[in-house]
Amino acid sequence: MSKSNWNIQNIPDQSNKTIIITGASSGLGMEASKVLSAKNATIIMAVRNTKKGEIVSEEIKKQNPNAKLEIREMDLSSLQSVSNFAEGIKSDYDKIDILINNAGIMTCPFDRTKDDFEIQMGTNHLGHFALTGLLMPLLHKAKNARIVVTSSIGHKMGNIDFTDINWKKRNYKTTQAYADSKLANLYFTYELARKLKNEKSDIKVTASHPGWTRTNLQKHSWYMRMLNPLFSQEPDQGVLPTLRAAFDADANSGEYFGPSRFFEMHGNPIVVKSNDKSHNLEASKKLWEFSEQMTNIKY
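A short tour of the structure in this document, coming up.

Reading guide: rules and limits
- Residues numbered from 1 in each chain as written.
- Predicted model: local features only at pLDDT ≥ 70, side-chain atom pairs only at ≥ 80, totals over all residues.
- Heavy atoms only, no water.
- 1 Å grid on protein atoms, 1.4 Å probe; cavity = no way out; pocket = protein on both sides within 12 Å on 5 of 7 lines; lining within 4 Å.
- Points joined across faces, edges and corners; volume = space filled by probe spheres on them.
- Nonpolar A, V, L, I, M, F, W, Y, C, P; charged D, E, K, R; others polar.
- Helix = DSSP H or I, 4+ residues; strand = E, 2+ residues; numbered from the N terminus.
- Buried < 20%, exposed > 50% of the residue type's maximum accessible area, 1.4 Å probe, protein only.
- Core = buried A, V, L, I, M, F, W, Y, C linked by side-chain atoms within 4.5 Å.
- Contact = heavy atoms within 4.5 Å.
- Salt bridge = Lys/Arg side-chain N within 4 Å of Asp/Glu carboxyl O.

## Some points on the layout of surface pockets
Part 1: Looking at the second largest pocket, its volume works out to about 260 Å³.
Part 2: Looking at the second largest pocket, it is lined by 14 residues, and the ones nearest its centre are K17, N144, R146, A246 and F247.
Part 3: Looking at side-chain class alone, the lining of the second largest pocket contains six nonpolar, two polar and six charged residues.

## Observations regarding empty space enclosed by the protein
Part 1: All told, the structure shown has one cavity of 30 Å³ or more when counted by the stated rule.
Part 2: Lining the largest cavity are M121, I160, D161, D164, I165, W167, R170 and D180.
Part 3: When grouped by side-chain class, the residues that make up the lining of the largest cavity number four nonpolar, no polar and four charged.

## Topic: unusual backbone geometry
Part 1: Even without a glycine there, the phi angle at N40 is positive, about 75°.
Part 2: Position of N40 relative to the elements: it lies in the loop between α1 (27-38) and β2 (42-47).
Part 3: Using a relative accessible area of 32% as the deciding quantity, one classes N40 as partly exposed.

## Some details on the nonpolar core
Part 1: Counting 46 residues, the largest nonpolar core has I20, F85, I89, L139, I147, I160 and L192 as its most contacted members.
Part 2: Contributions of two or more residues to this core are made by β2, α3 (79-92), α4 (119-141), β5 (146-150), α5 (174-198) and α9 (281-295).
Part 3: Sort the elements by how many residues they give to this core and α4 lands first, with 10 residues.
Part 4: Apart from the residues within four sequence positions on either side, I147 is in contact with L99, N101, T132, M136, L139, L192, I203, K204, V205 and T206.
Part 5: Counting residues in each nonpolar core, the second largest holds 29 residues, with W6, A24, V47 and L69 among its members.

## Overview of the pattern of salt bridges
Part 1: One pass over the full model with this rule turns up 15 salt bridges.
Part 2: Across the salt bridge formed by K114 and D75, the nearest N and O atoms sit 3.1 Å from each other. Note that K114 is positioned in the loop between β4 (98-101) and α4 and D75 in the loop between β3 (68-73) and α3, a separation of 39 residues in sequence.
Part 3: For R170, the salt bridge is made with D164, and the minimal N-O distance between the two is 3.0 Å.
Part 4: Sharing partners across several salt bridges, the network here consists of E191, R194, K195 and K285.

Next up, the structure:
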């Protein structure tokens, strides 16, 4: 699996499959919605801005009039919004085949979520932790369901301070907070994979990162925007690790996918290695306990 020209042609027909994609109104989420609707899946586009989601849906349907796209509002920075979204899904669907936890924010100014979490940890990790837990009953009802968690090369700079996870005592460093949230994504992936394996569940949990991909995520980073022409790839390439993590039949639970070339910044998707810190069992269990306490979600 390490060497491959894997691309969207490797994704089989997804008729009768229901897929949730968070952050589906731009960037990688929009690209995944486009690709997977062309594979005949029913796509639930979980978006904060439904008007923006409708515009994207209309654009996709211009290319593919048969696309099955449903726009639903969800703000990951609000546990109430996440709960409302999940309740609506459970009311209207019998199963969810694939959950792609794609949405995120990066290096934004200091802020807090509606539940008083630091904004990047709250949105990138805790919101998805709550969402996944609430949707787990529907994932269990699908055959061979899969959960994909989007991390980043930036996880390598992560160093979560569990004594001040919400940055109430320290001077805020937005790049560090982003890296911490991306490390949290991997702690979550690996811990959930272990728990499901112990339960003998057939749900697979994988992670991915898009390398250096040009998206709206970079709007707060002037140096990334400046260097985009030199290093970045387009979203149709950057989404491939996510799609391989979601659809490669040979993927194992707990595997991490990223680009193959130039320090994992671009190229076809392969299995890559996250850093040693991301595999720290004690830290991952501690984050899980913190996450349950903060979100009041028990798996």
